[in-house]
Amino acid sequence: MKYISTRGNAPELNFEQVLLAGLAADGGLYVPKTLPRFSREDIAAMRGLDYPALAEKIITPFVSDCIPQDDLRAILAETYTEFRHGAVAPLAQIESNQWVLELFHGPTLAFKDFALQLLGRLLDYILERKHQKVVILGATSGDTGSAAIEGCKHCKNIDIFILHPHNRVSDVQRRQMTTVQGDNIYNLAVQGNFDDCQAMVKASFGDQHFLPDDRRLVAVNSINWARIMAQIVYYFYAALGLGAPDRSVAFSVPTGNFGDIFAGYLAQQMGLPIERLIIATNHNDVLHRVMMTNTYGRQPLAHTLSPSMDITVSSNFERLLFDLYDRDGVALAKLMQRFDEGDISLSESAMQKARGLFSSHRVSDEETCQQIASTWRECEYLLDPHSAIGVKAAQSSDVAPEIPMVILATAHPAKFPEATKSAGLDQVVALPEHLHDLFERSERMEVLPNDLAAVQAFIASNIKA
Ligand SMILES: *Cc1c(COP(=O)(O)O)cnc(C)c1O
């Protein structure tokens with residue numbers, strides 16, 4: 001499998017190279033040059049496979065020229081033992097034809113574990129083979145940092161440095177990062193805000209001279225193709241469980257950077273019968289606005305009850321745009337350049353294609369709380385605020401009632417207790433067993449000034465030989 005840039009002017013890469021690459025040299029994102037397609041019979045033959053076996057079927061075509069089958073199988077087997085549910089991604093029914101796909105049984109209680117547990121293992125496998133070591137550098141306001149740390153804590157060839165804004169992430173989220181043991185893990189609490197952290201990461205990727213000669217930076221945000229790839233699997237898993245390929249299903253996806261729902265789009269392009277994909281946003285509605293008004297533009301960031309979806313721009317939307325523009329990299333490079341300068345509109349045909357595939361819905365904090373309360377009242381099922389947005393969007397959609405509707409539950413409610421409280425519920429949501437003593441564990445972090453040179457000096461002096 002070869003990978004190409006959405007902006008048409010960067011070298012083609014193989015899987016090993018794309019795993020280590022961040023943005024393409026032309027500023028674009030990497031996507032597969034051709035997508036594997038599964039026939040109806042192929043999909044029917046996947047029925048009854050357990051999660052790791054299904055993952056092997058879906059992922060093999062993307063990696064097979066770089067990773068021998070037996071090695072891939074071993075990596076996948078290890079990856080999903082980290083999930084504390086026999087089904088890995090179980091479905092829970094909440095309405096006559098509505099299911100919640102629980103993606104929060106991984107170590108950090110959010111769906112990002114699906115991608116990052118695999119990414120850490122794939123990276124370490126490839127690096128071991130190449131006798132190389134790398135540095136992972138990322139900024140987090142919450143879920144990404146802990147999932148990356150958990151995913152990389154056993155990696156022998158990776159030092160991981162995660163920046164978070166000092167005193168500005170929730171106690172649960174901070175402790176999920178700072179209590180993980182491992183001498184290759186560094187939590188840097190920066191005396192600034194999340195944007196300051198992100199700016200330092202971006203500057204460091206742009207000029208890596210502060211690193212020793214034998215190291216480079218690797219990205220763990222969703223510009224990394226392997227994260228998207230890992231997420232395709234659970235769309236197949238859920239649809240098969242509900243009768244695919246004989247029945248179509250619809251998905252409602254709480255969306256921020258468009259990584260998760262883009263994986264659903266790929267599943268559909270690979271042959272899975274998906275009737276519709278619903279983009280569910282919070283007040284930060286850049287994607288809902290483009291669907292409604294064909295204007296793609298930035299608006300100020302709002303802080304909501306669903307912080308993991310608080311974004312102004314959805315970076316992975318570029319991957320969809322590439323397809324909507326018939327994979328014309330030159331056209332896309334021009335479009336994205338205009339977007340850097342201000343609001344843009346999509347071509348008539350691109351917009352038409354987008355509306356044929358996706359619906360969208362924006363959900364306020366107030367509606368989020370109402371949904372948490374009403375789902376609890378009706379079936380004693382407690383939703384986290386992100387998942388509640390998915391349910392609300394599903395219930396507001398015009399998908400025919402005979403189509404099974406799957407809502408992606410992206411986080412465990414114990415992670416966001418403020419939302420449960422705001423919804424007027426006084427259930428004490430206990431953390432799952434493996435985290436019950438989270439608040440007694442000792443924390444390790446380094447408080448650093450909001451200063452690029454200080455952060456880079458800290459990284460350089462702590463990289464292990
Ligand atoms: C990251 C995250 C999202 C948004 O996912 P994208 O791939 O950025 O669209 C939604 N919910 C939770 C809990 C998350 O951590």
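Residues numbered from 1 in each chain as written. Predicted model: local features only at pLDDT ≥ 70, side-chain atom pairs only at ≥ 80, totals over all residues. Heavy atoms only, no water.

Caption draft 1: Broad picture of the overall build of the protein chain. Helices and strands together make up the secondary structure of the protein chain, namely 18 helices and 13 strands. Compactness check: the protein chain gives a C-alpha radius of gyration of 21 Å against a globular reference of 23 Å for 465 residues, within 12% of the reference. Seen through its C-alpha atoms, the protein chain measures out along the principal axes to roughly 60 × 50 × 50 Å. Taken over 465 residues, the protein chain has a buried fraction of 59%. Sequence separation of 24 or more characterises 75% of the internal contacts of the protein chain that already satisfy a separation of 6 or more. Counting 41 positive and 56 negative side-chain charges, the protein chain places the averaged centre of each group 3 Å from the other. (Helix = DSSP H or I, 4+ residues; strand = E, 2+ residues; numbered from the N terminus. Rg over C-alpha atoms; globule rule 2.2 N^0.38 Å. Buried < 20%, exposed > 50% of the residue type's maximum accessible area, 1.4 Å probe, protein only. Contact = heavy atoms within 4.5 Å. Lys, Arg positive; Asp, Glu negative; His and termini not counted. Charge placed at Lys NZ, Arg CZ, Asp CG, Glu CD.)

Caption draft 2: Structural context of the site of the ligand. For the ligand, the set of nearby residues contains 15 residues, the closest of which are Lys112, Asp143, Gly256, Asn257 and Thr410. A distance of 2.5 Å is found between an oxygen atom of the ligand and a side-chain nitrogen or oxygen belonging to aspartate 143. Here glycine 259 contributes a backbone N or O atom positioned 3.3 Å from an oxygen atom of the ligand. Relative to its unbound accessible surface of 380 Å², the ligand loses 97% to contact with the protein. Here the residues of the shell around the ligand are counted per class, giving five nonpolar, seven polar and three charged. (Near = heavy atom within 4 Å. Polar contact = N/O pair within 3.5 Å; in protein donor to acceptor, adjacent residues only side chain to side chain. Areas by Shrake-Rupley, 256 points an atom, 1.4 Å probe, with all protein chains shown as cover. Nonpolar A, V, L, I, M, F, W, Y, C, P; charged D, E, K, R; others polar.)

Caption draft 3: Focus on the sheet that holds strand E7 (residues 185-190). Reading across from one edge, E8-E5-E6-E7-E13 is the order of the five strands in this open sheet, with parallel pairing throughout. Each edge of the sheet is formed by a strand with only one pairing partner; in this case those strands are strand E8 (217-218) and strand E13 (446-448). Direction of pairing for strand E6 (residues 158-165) relative to E7: parallel, over a ladder of six bridges. When the bridges of E7 are listed, isoleucine 160 appears paired with isoleucine 185. Of the strands in this sheet, strand E5 (134-139), E6 and E8 touch helix H5 (residues 112-130), which is tilted by about 145 degrees from E6. Where helix H18 (residues 452-462) meets the sheet, its contacts fall on E5, E6, E7 and E13, and the angle it forms with E7 comes to roughly 165 degrees. (Pairing = 2+ DSSP bridges. Axes fitted to C-alpha atoms, helices over the stretch in contact; angles between N-to-C directions.)

Caption draft 4: Highlighting the environment of valine 100. If you trace the backbone, valine 100 turns up in strand E4 (residues 98-102). Taking the relative accessible area as the measure of exposure, valine 100 reaches 0% and is therefore buried.

Caption draft 5: Summary view of unusual backbone geometry. A cis amide bond links alanine 244 to the next residue, proline 245, at an omega of 5 degrees. A positive phi angle, close to 70 degrees, is found at leucine 109, a residue other than glycine. Take leucine 109: it is sitting in the loop between E4 and H5. Residue classification places leucine 109 among the buried residues on the basis of a relative accessible area of 2%. Of note, the phi angle at asparagine 167 is positive, near 65 degrees, even though the residue is not glycine.

Caption draft 6: Expanded view of the sheet that holds strand E9 (residues 249-254). Spatially, the six strands line up as an open sheet ordered E3-E4-E12-E9-E10-E11, and their pairing is mixed. Each having just a single partner strand, strand E3 (91-95) and strand E11 (358-362) make up the two edges of the open sheet. For this sheet the average axis-to-axis angle between neighbouring strands, irrespective of direction, equals 25 degrees. Both E3 and E4 contribute to a ladder of four bridges, which runs antiparallel. Its bridge partner being in E4, glutamate 95 is matched across the sheet by glutamine 98.

Caption draft 7: Here's a closer look at H18. Listed in full, the buried residues belonging to H18 are Val455, Gln456, Phe458 and Ile459. The buried residues of H18 occupy one face: seen down the axis, they fall within an arc of 155 degrees. Of the exposed residues in H18, those oriented more than 90 degrees away from the buried face are Ala453 and Ser461. At its buried positions, H18 is contacted by E5, E6, E7, helix H8 (194-206) and E13. (Arc of directions from axis to C-beta.)

Caption draft 8: Just the state of the cysteines, in detail. Under the counting rule described, the total for this entry stands at zero disulfides. Take cysteine 155: it sits in no disulfide, and the sulfur closest to it among the cysteines is that of cysteine 152, at 4.6 Å. Assessed through its relative accessible area of 8%, cysteine 155 is described here as buried. (Disulfide = S-S within 2.5 Å.)

Caption draft 9: Examining the packing of helix H4 (residues 69-80) against H5 more closely. Running from N to C, H4 and H5 cross one another at 140 degrees; their axes reach a closest spacing of 10 Å. Between H4 and H5, the angle falls in the class oblique. Note on packing geometry: the crossing formed by H4 with H5 is right-handed. In contact with Asp71, Ile75, Leu76, Glu78, Thr79 and Tyr80 of H4, H5 contributes Phe114, Gln117, Leu118, Arg121, Leu122 and Tyr125. Of the residues assigned to the contact of H4 with H5, the class counts are seven nonpolar, two polar and three charged. (Parallel < 35°, antiparallel > 145°, perpendicular 65-115°, else oblique. Left-handed = near helix turned anticlockwise from the far one by under 90°.)

Caption draft 10: Main features of the side chain of glutamine 173. Among the structural elements, glutamine 173 can be located in helix H7 (residues 171-178). On the accessibility criterion, glutamine 173 (5% relative accessible area) is buried. Setting aside anything within four residues of it in sequence, one finds glutamine 173 in contact with Ser141, Gly142, Asp143, Lys415 and Phe416.

Caption draft 11: Highlighting the packing of aromatic side chains. As enumerated under the stated definition, the model contains 20 aromatic pairs in all. Arranged with centres 5.7 Å apart and planes meeting at 50 degrees, the rings of tyrosine 3 and tryptophan 225 form a pair that is tilted. Of the two residues, tyrosine 3 is situated in strand E1 (residues 3-5) and tryptophan 225 in helix H9 (residues 225-241); the sequence distance between them amounts to 222 residues. When its relative accessible area of 1% is taken as the criterion, tryptophan 225 is described as buried. Aromatic ring contacts, followed pair by pair, group Tyr51, Tyr80, Phe83, Phe114, Tyr234, Tyr235, Tyr237 and Phe251 into a single cluster. The residue whose ring lies beneath arginine 298 is phenylalanine 339, and the NZ or CZ to ring-centre distance is 4.1 Å. (Phe/Tyr/Trp six-rings, centres within 6.5 Å; stacked < 30°, edge-to-face > 60°. Lys NZ or Arg CZ within 6 Å of the ring centre and 35° of its normal.)

These figures capture arrangement, not role.
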